[in-house]
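Structural description and commentary
In case you want the letters, here they are:
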Amino acid sequence: MRTGAVSIVGIPNVGKSTLLNRILNVKLAITSNKAGTTRNLINGIYNDEDSQIIFVDTPGINKPLNKLENLMNKKSYSSISDVDVVLFMIDAKTGIGKKDVAVLNKLKELDVPVFLILNKIDNMSNEDIFKVIVKYKDEFEFKEIIPISAKNNKNIDELLATIKKYLPEQDRIYSEDELTNVSLKFIMAEFVREKVLKLTRDEIPYTVTCYTENYEENEDIVNISVVIIIERENIKKIIIGKKGAMLKEIGTRAREDMEKFLGKKVYLETYVKTLKNWRDEEKYFTDLGLEESE
Ligand SMILES: Nc1nc2c(ncn2[C@@H]2O[C@H](COP(=O)(O)OP(=O)(O)OP(=O)(O)O)[C@@H](O)[C@H]2O)c(=O)[nH]1
Ligand SMILES: [Mg+2]
């Protein structure tokens, strides 16, 4: 039995959370085409007959513009110190850029095997994929270079098989029914935030966070109340939308994700609240669940 921990790191938007969900076969981490979607370390525990792998999804590493982003970077770097393997993910099409190099330089300080994961190889020719591999083969001491498509489920079994070779022989650490370190309340709030990310534009997604105020499980229905926290009063109009249409759409879509995840009917309430500069006020982070999860 092989058991160990694997951290997935890289710049924003390369597909780290998509990979976590793909491996676990459940939507645990939210994803979007906006940079900075993930804000916490999210562990997902993978089990099969001969292994247990604790995957750590991390916030995309970026030049921090506020205290929140600074905390996100710190969390990501903290995740790499006591794992058995680091998956350094890039977008195969764009290759290793300046921002990726900054992350790589940090990884160089470590004594952990680093794999280069080339994601998004769907709609790339084998020839182009091969070119990318050749280009980076000697750039850094990657233990392995593995092209995948997290979205289209390409080469994921090969990735898992390769990871296992690097994990110590030991029994499972967690029971097989454990999925994650983050709370249900956190996951529910994230589902709402994902819809805000997907349905609004420009600056809005970055200034919003969500928090579950109430989670009450009854026999046949779960009552959930999520507050959408915004920084400025004028964003409220956008989140609520014409005659409440936007907020309704956010709620409907989030509820679908919740029902799928919980396997139960959900009654969801959402409302909007203003909290000025929450991204720069560390005192809010714990309350907002942004400090949570080891
Ligand atoms: N074409 C393609 N798109 C992908 C693939 N994997 C992820 N994506 C898309 O890339 C975007 C970013 O995916 P995420 O999983 O949210 O990326 P992330 O690295 O977790 O981003 P942060 O949390 O911001 O660091 C989403 O729109 C995904 O649908 C892939 O294999 N192929
Ligand atoms: Mg993510």
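Refer to the structure presented above.
Throughout what follows, the structure given in this document is the object of discussion. Everything quoted here is computed from the prediction, not taken from an experiment. Per chain, residues are indexed from 1 in the order of the written sequence. Written order decides the labels, with chains lettered from A and ligands numbered from 1. Restriction of local features to residues with pLDDT of at least 70 applies here, the model being predicted, together with a cutoff of 80 or more for giving and counting side-chain atom pairs; totals for whole chains, interfaces and linings are based on all residues. With hydrogens and water excluded, all non-hydrogen atoms of the structure serve as input to the side-chain values.

**A look at the packing of aromatic side chains**
- Between the rings of Phe, Tyr and Trp (Trp by its six-membered ring), a pair exists once the centres lie within 6.5 Å; its type follows the angle of the planes, with under 30 degrees stacked, over 60 edge-to-face, and the other angles tilted. Per the counting criterion, the structure on display carries four aromatic pairs.
- With 4.9 Å between their ring centres and 70 degrees between their planes, Phe115 and Tyr166 make a pair best called edge-to-face. With a gap of 51 residues between them, Phe115 in strand 5 (residues 114-119) and Tyr166 in the loop between helix 5 (156-165) and helix 6 (184-199) connect regions that are remote in the sequence.
- Site record: aromatic cluster; members linked through ring pairs are Phe88, Phe140 and Phe142. For the purposes of this entry, the term helix denotes a DSSP run of H or I that reaches at least four residues, the term strand denotes a run of E that reaches at least two, and both are numbered from the N terminus.

**Brief notes about the sheet that holds strand 7 (residues 209-217)**
- At least two DSSP bridges between two strands are required for those strands to pair. If you trace the three strands from one edge of the open sheet to the other, you get 7-8-9, paired in mixed fashion. The outermost strands of the open sheet, each flanked by one partner alone, are strand 7 and strand 9 (265-274). With strand direction ignored, the average angle separating the axes of adjacent strands in the sheet is 20 degrees.
- The sheet contact formed by strand 8 (residues 221-230) and strand 9 spans 10 bridges and is parallel. Counted as the bridge partner of Val227 is Tyr271 from strand 9.
- In the packing of helix 6 onto the sheet, the strands contacted are strand 7, strand 8 and strand 9, and the crossing angle to strand 7 comes to about 135 degrees. The angle between two axes is taken between their N-to-C directions and runs from 0 to 180 degrees, where each axis is a line fitted to C-alpha atoms and a helix contributes only its stretch in contact. Only heavy atoms matter for contacts: two residues are in contact if any of them lie within 4.5 Å across the pair.

**Overview of the coordination of the magnesium ion (ligand 2)**
- The magnesium ion (ligand 2) binds to the protein through Ser17 (OG) and Thr38 (OG1); the donor distances cover 2.0 to 2.1 Å. Here Ser17, found in helix 1 (residues 16-24), pairs with Thr38, found in the loop between helix 1 and strand 2 (42-48); they are 21 residues apart in sequence, far enough to count as distant. Considered together, Ser17 and Thr38 belong to a single accessibility category, that of buried residues. Listed donors are limited to N, O and S atoms within 2.8 Å of the metal, widened to 3.2 Å for Na, K and Ca; water is not among them, so incomplete-looking sites are possible. Note on exposure labels: buried denotes an accessible area under 20% of the residue type's maximum, exposed denotes more than 50%, and partly exposed covers the range between, all computed with a 1.4 Å probe on protein chains only.

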